[in-house]
Amino acid sequence: MTRMKPVDVVLVGFGWTGAIIGMELVDTGLKILALERGAYRDTSPDFTYPHNADELAYGIRGELFQPLARETVTIRHNLNETAVPYRQYGSFLLGNNVGGAGIHWNGQHYRPSPEDLEFHSHISKRYGQKFMPEDMQIQDYGVTYDELEPFLDQFEYLCGTSGRAGNLNGEIKDGGNPFEGVRKREYPNPPVADNYGAKLFADAARSKGYKPFPQPSSNASRPYTNPHGVRLGPCNLCGYCERFGCFMYSKASPQTTILPVLMRKPNFELRTNSHVIKINLDSSGKRATGVTYIDAQGQQVEQPADLVIVSAFQMHNVRLMLMSGIGAPYDPKTGKGVIGKNYAYQMMSNVNVFFDKDVAINPFIGAGSGGNQIIDEFNSDHFDHGPHGFVGGGYILGGQTGGRPIQQLLVPPGTPAWGEKWKRAAKDSYLHTTGVQSHGSVMAYRDRYLDLDPTYKDAFGLPLLRITFDWHDNEYKMTQFLTDRAQEIADAMKPRQTSQTIRKPGGHYDVRQYQTTHTTGGVIQGTSPETSALNRFQQNWDVHNVFVTGASAFPQNLGYNPTGLIGGLTYMSVKAIRETYLKNPGPLVQA
Amino acid sequence: MTSKPRSPSRRDFLRQSLVAVPAVSLLGTSAIAQTQSSTAATPAAAATATKYTPRYFTAPEWDFLQAAVERLIPPNEDGPSAVEAGVPEFLDRQMEAAYGHGGLWYMQGPFVPDAPATLGYQLRYTPREFYRKGIASVDSWCQKQHNQKFSALPAEQRDAILHQMEKGEIQLDDIPAVAFFTQLLANTKEGYFADPMYGGNRQMGGWKMIGFPGARADYADWIEQPGKVYPFGPVSIEGAKS
Ligand SMILES: Cc1cc2nc3c(=O)[nH]c(=O)nc-3n(C[C@H](O)[C@H](O)[C@H](O)COP(=O)(O)OP(=O)(O)OC[C@H]3O[C@@H](n4cnc5c(N)ncnc54)[C@H](O)[C@@H]3O)c2cc1C
Ligand code: SF4
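Residues numbered from 1 in each chain as written. Chains lettered and ligands numbered in written order. Predicted model: local features only at pLDDT ≥ 70, side-chain atom pairs only at ≥ 80, totals over all residues. Heavy atoms only, no water.

Under an unreviewed UniProt entry, the name given to chain B is Gluconate 2-dehydrogenase, and the source organism is Dyella japonica DSM 16301.

As annotated in an unreviewed UniProt entry, chain A is GMC family oxidoreductase from Dyella japonica DSM 16301. The UniProt entry for chain A carries this comment under Sequence similarities (unreviewed entry): "Belongs to the GMC oxidoreductase family." (UniProt positions renumbered as here; feature names shortened; annotations may be inferred.)

Encoded structure:
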């Protein structure tokens with residue numbers, strides 16, 4: 001095996017969190033190496049117009065996604081089933097290449113609600129321990145909202161997030177989210193203007209007494225220069241956003257916010273086509289000595305490093321920890337062990353809203369996040385759950401992200417899927433249809449977890465990650481409640497017709513339907529090594545020179561999109577590394 | 001991943017075509033004008049459809065595809081049929097792409113075809129193999145039941161068979177009828193709405209039918225005008241406009 005020259009810090013995966021860590025450590029002068037399994041990608045030449053406006057290549061065939069032919073996951077619904085491979089993309093889409101999923105995300109950029117971070121304490125205190133089903137195992141993050149606020153802010157200012165504050169230093173502001181935690185300053189940019197579907201939704205929501213606000217969006221509403229001096233341009237609502245790279249330099253991504261500066265630093269190196277397969281430990285098992293990766297030629301290479309940052313995306317983080325034997329694997333029978341524990345997801349529902357021909361929705365005018373409207377009355381613990389008998393919630397969104405016809409064309413309920421009637425309905429409804437969507441949380445349960453598949457292998461012959469997951473009653477209740485509220489708002493929009501997509505008890509997690517790529521857990525952070533894999537600084541409890549970033553740290557899932565919180569936690573972690581850990585390497589929290 | 005056609009001059013071409021056309025003339029392509037022009041384009045489209053020589057599909061398979069997709073998206077005054085839009089050509093070209101070879105799917109065994117449907121596609125066939133098996137199975141079923149190949153049956157009977165496949169009401173020899181139907185319908189709609197450079201959506205007929213502006217991808221001037229009818233017809237990646 002080739003042995004490379006040692007570095008101080010190795011980043012395993014160079015997407016959103018890898019780029020943040022690299023940038024925040026580069027001024028220490030340490031030698032930083034990013035190992036990325038994919039290729040280099042940049043706005044030019046990779047996402048330029050008009051190639052970018054290609055729904056088939058990007059939206060459907062998934063040109064930017066992890067090639068499943070080489071590596072996928074296996075999925076089963078419960079402990080007694082045999083898992084089978086996720087052979088084609090459906091439910092979630094995985095990133096690949098420099099920038100990771102940060103290239104082809106929507107930019108829906110949220111902060112958690114304060115109670116989300118102390119969820120177990122909060123729910124037990126307000127409703128009592130018994131309110132949670134016995135097999136629900138939600139936990140606290142070990143970080144409070146107030147501690148995290150400066151880091152959530154830092155990430156928003158990096159991205160040039162467009163939005164309107166709802167709670168500025170404790171003062172509730174009109175037109176923002178009145179339920180949010182305190183923010184110390186306004187969003188860096190004003191909201192993107194509403195698309196028409198969103199406008200109709202907001203009017204209807206107001207008529208119901210709700211307080212709609214513009215979706216916080218990392219699609220820039222105006223030219224913006226971030227604190228690194230990197231410039232973003234205004235979004236033109238091109239309609240080719242999520243699943244695509246941005247040709248307008250408007251969507252925040254590592255490429256549009258960090259890489260132009262980081263790539264020039266002499267003490268930073270990026271090695272692409274470098275697929276990490278293992279974090280190596282010394283004989284004590286308490287210290288990482290670096291990583292092993294497979295290079296472009298297929299050769300195994302050993303890369304010594306003093307500090308290992310695992311920033312490969314939630315699922316890959318979990319798999320790497322399991323393959324490296326760091327931390328005890330979770331056992332769903334005993335509830336003991338931590339790696340793979342508390343896998344969670346999100347549960348969506350849709351109310352499609354069909355208008356008559358005099359209402360010009362123009363669905364193709366849309367951005368991944370900018371221009372949509374939200375209500376947050378039913379998220380987190382913003383309402384009394386007592387009478388409803390479930391934990392969690394979600395936001396309700398009105399508007400659309402685009403009108404790409406292969407994926408996003410909607411026809412009214414009762415329309416056949418093909419033939420003359422389908423054709424007529426497609427023609428009549430396309431321009432006049434928008435949507436109301438609920439975006440709901442999923443709690444963590446004893447029998448929902450991740451481990452290594454006993455049968456299926458990746459292209460290198462290594463075991464695939466296995467997901468054991470299905471919906472629980474709590475989530476069915478949650479989604480019914482949210483969808484009923486969404487339907488009421490949709491009805492108040494006075495459409496000709498609506499249709500619903502909702503998941504009902506008796507069904508199963510269906511991997512064929514896209515929901516979100518907001519998969520969470522498996523290397524969770526918390527307050528004790530008995531119940532979590534990482535401390536509050538995302539440092540592994542057992543091996544102090546391994547930090548793991550990303551949504552794998554979430555003890556359960558939120559009703560919000562994860563990346564705002566992921567960014568905040570990453571900034572908090574890297575500050576602790578820079579200011580404390582590097583001076584005196586060791587555990588940042590005593591177990 | 002996908003082998004997708006690229007031409008270095010496309011961008012310039014599109015730029016030029018966009019610049020060269022004054023807004024007034026673009027305004028003429030309202031939704032109504034579009035429908036008319038797409039209907040007018042139909043015979044020409046059908047004529048070109050017959051010219052394409054398939055590279056992957058055999059002659060009997062080609063007959064099947066024409067006969068099947070023409071029922072999935074039939075001809076009428078709303079817009080082009082699947083055949084008029086070039087969907088068979090699109091399908092044939094997809095079979096030559098990495099996609100057709102199964103290059104985008106995880107294709108390692110063991111295969112568990114009777115796993116719950118909610119766990120997704122679990123057959124061992126790549127799209128190329130799937131079409132080959134699927135078409136042969138449907139044709140042999142039709143031969144047994146109706147003494148004719150699928151393509152020789154009248155339109156109403158083909159519709160009925162497609163309905164039965166969709167509902168899983170017929171047993172084919174080698175493959176589940178529902179799965180094959182699902183694949184065929186999905187690929188047909190892809191061919192109808194994908195950029196014309198992939199061989200389908202001829203003259204952007206699929207886009208014109210619904211009013212999708214295609215690869216325009218710039219609505220900066222429309223952000224402040226919610227609810228206003230969008231007046232421009234589609235453009236394609238290679239610079240075709242309407
Ligand atoms: C279609 C889509 C839409 C989304 N929309 C939103 C949204 O609107 N809002 C939101 O909050 N979130 C959204 N997300 C999620 C968001 O993209 C992720 O939360 C975010 O990118 C996570 O950052 P990360 O650093 O953990 O992973 P990534 O950004 O994915 O980066 C991980 C990197 O690691 C590399 N890697 C993986 N394994 C290895 C290995 N073994 N060796 C070397 N390199 C490796 C990958 O190739 C990748 O480049 C969306 C995701 C998708 C796919
Ligand atoms: S919608 Fe806006 S942010 Fe998204 S890709 Fe298009 S221009 Fe970029």
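The rest of the description comes next.
(A) Spotlight on the interface of chain A and chain B. Between chain A and chain B, the residue contacts involve 65 residues of the former and 78 residues of the latter. Summed over both partners, the interface of chain A with chain B buries about 6100 Å², with 62% contributed by carbon and sulfur atoms. Contact with chain B buries surface across chain A, with Arg61(A), Arg87(A) and Trp418(A) losing the most and accounting together for 16% of the total. At the junction of chain A with chain B, the criterion picks out 3 salt bridges. A salt bridge links Glu190(B) to Arg61(A), with the nearest nitrogen and oxygen atoms 2.6 Å apart. Counting every contact that joins chain A to chain B gives 28 residue pairs in polar contact (both at pLDDT 80 or more). For the side of chain A that touches chain B, the elements supplying multiple residues, two or more each, are helix H3 (55–60), strand S4 (73–76), strand S5 (84–85), helix H7 (196–207), helix H11 (405–408), helix H12 (419–429) and strand S20 (449–457) of chain A. It is H12(A) that contributes the most residues to the side of chain A that touches chain B, 7 residues altogether. (Contact = heavy atoms within 4.5 Å. Buried area = accessible area lost by both parts, 1.4 Å probe. Salt bridge = Lys/Arg side-chain N within 4 Å of Asp/Glu carboxyl O. Polar contact = N/O pair within 3.5 Å; in protein donor to acceptor, adjacent residues only side chain to side chain. Helix = DSSP H or I, 4+ residues; strand = E, 2+ residues; numbered from the N terminus.)

(B) Main features of the packing of aromatic side chains. In the structure shown here, the tally under the stated rule is 53 aromatic pairs over all chains. One aromatic cluster is present, built from ring pairs that chain together Tyr56(B), Phe57(B), Phe64(B), Tyr99(B), Trp105(B), Tyr121(B), Tyr125(B), Phe130(B), Tyr131(B), Phe150(B) and Phe180(B). Over the ring of Tyr99(B) we find Arg61(A), and its NZ or CZ is 3.5 Å from the ring centre. Geometry around Phe460(A) places Arg70(A) over its ring, the cationic atom sitting 5.3 Å from the centre. (Phe/Tyr/Trp six-rings, centres within 6.5 Å; stacked < 30°, edge-to-face > 60°. Lys NZ or Arg CZ within 6 Å of the ring centre and 35° of its normal.)

(C) Molecular detail of the pattern of salt bridges. Residue and element names in this part refer to chain A. Taken as a whole and judged by the stated rule, the model has 38 salt bridges over all chains. Among the salt bridges present, the one from Glu71 reaches Arg319, with a minimum N-O distance of 3.0 Å. With Glu71 in the loop between H3 and S4 and Arg319 in helix H10 (residues 314–324), this pair connects stretches of sequence that are 248 residues apart. With relative accessibility at 4%, the residue Arg319 sits in the buried group. Measuring nitrogen to oxygen at the nearest pair gives 3.0 Å for the salt bridge that ties Asp447 to Arg448. Judged by its relative accessible area of 23%, Asp447 is partly exposed. Three or more residues are tied together by salt bridges with common partners; here these are Arg111, Glu149, Glu156, Glu180 and Arg183. (Buried < 20%, exposed > 50% of the residue type's maximum accessible area, 1.4 Å probe, protein only.)

(D) Focus on the site of ligand 1. Residues and elements named next belong to chain A. Ligand 1 sits among 35 residues. The nearest are Thr17, Glu36, Asn97, Gln108 and Thr563. Here an oxygen atom of ligand 1 sits 3.1 Å away from a polar atom, N or O, in the main chain of Trp16. One nitrogen or oxygen atom from the main chain of Gln108 is found 2.8 Å from a nitrogen atom belonging to ligand 1. Look at ligand 1: alone it shows 990 Å² of surface, and the protein chains cover 98% of it. Those elements that provide at least two residues to the shell around ligand 1 are helix H1 (16–26), strand S12 (275–281) and helix H14 (563–581). (Near = heavy atom within 4 Å. Areas by Shrake-Rupley, 256 points an atom, 1.4 Å probe, with all protein chains shown as cover.)

(E) Representation of the site of ligand 2. Around ligand 2, a shell composed of Asn219(A), Cys235(A), Asn236(A), Cys238(A), Tyr240(A), Cys241(A), Cys246(A), Met248(A), Ser250(A), Lys251(A), Gly366(A) and Ala367(A) is seen. Along the lines of polarity and charge, the residues of the shell around ligand 2 split into 7 nonpolar, 4 polar and 1 charged. (Nonpolar A, V, L, I, M, F, W, Y, C, P; charged D, E, K, R; others polar.)

(F) Fine view of the nonpolar core. Phe57(B), Phe64(B), Leu65(B), Tyr131(B), Phe150(B), Met165(B) and Phe180(B) are the most contacted members of the largest nonpolar core, which has 88 residues in total. The contacts of Phe180(B), once residues within four sequence positions are left out, are Phe64(B), Phe130(B), Tyr131(B), Gly134(B), Ile135(B), Val138(B), Met165(B) and Ile175(B). In this structure, Val291(A), Met323(A), Trp471(A) and Met493(A) belong to the second largest nonpolar core, which totals 76 residues. (Core = buried A, V, L, I, M, F, W, Y, C linked by side-chain atoms within 4.5 Å.)

(G) Representation of the UniProt feature "domain: Glucose-methanol-choline oxidoreductase C-terminal" (unreviewed entry) in chain A within the structure. The UniProt record annotates "domain: Glucose-methanol-choline oxidoreductase C-terminal" (unreviewed entry) at residues 452–566 of chain A. Taken end to end, residues 452–566 of chain A has its terminal C-alpha atoms 25 Å apart, with 21% of it in helix and 20% in strand.

(H) Geometry of the UniProt feature "domain: Glucose-methanol-choline oxidoreductase N-terminal" (unreviewed entry) in chain A. The positions UniProt marks with the feature "domain: Glucose-methanol-choline oxidoreductase N-terminal" (unreviewed entry) are residues 234–344 of chain A. Helix and strand shares over residues 234–344 of chain A are 17% and 30% respectively, and the end C-alpha atoms of the span are 35 Å apart.

(I) Unusual backbone geometry, seen in detail. With omega at 5°, the peptide bond leading from Tyr49(A) into Pro50(A) counts as cis. Among the structural elements, Pro50(A) can be located in the loop between helix H2 (43–46) and H3. With omega at -5°, the peptide bond leading from Gly109(B) into Pro110(B) counts as cis. Within the secondary structure, Pro110(B) sits in the loop between helix H5 (87–96) and helix H6 (127–146). Backbone geometry at Ser380(A) places phi at a positive 45°, although glycine is not the residue there. Positionally, Ser380(A) belongs in the loop between strand S17 (373–375) and strand S18 (394–399). Although it is not a glycine, Gln203(B) sits at a positive phi angle of roughly 50°. If you trace the backbone, Gln203(B) turns up in the loop between helix H8 (177–193) and helix H9 (205–210).

(J) Geometry of the packing of H5(B) against H8(B). Residues and elements named next belong to chain B. Put simply, H5 and H8 touch, their axes get as near as 9 Å, and they point 110° apart. As summarised for this structure, H5 and H8 are arranged roughly perpendicular, according to the angle between their axes. The handedness of the crossing between H5 and H8 comes out as right-handed. Listed contacts from H8 to Val87, Phe90 and Leu91 of H5 are Asn187, Thr188, Glu190, Gly191 and Tyr192. (Axes fitted to C-alpha atoms, helices over the stretch in contact; angles between N-to-C directions. Parallel < 35°, antiparallel > 145°, perpendicular 65-115°, else oblique. Left-handed = near helix turned anticlockwise from the far one by under 90°.)

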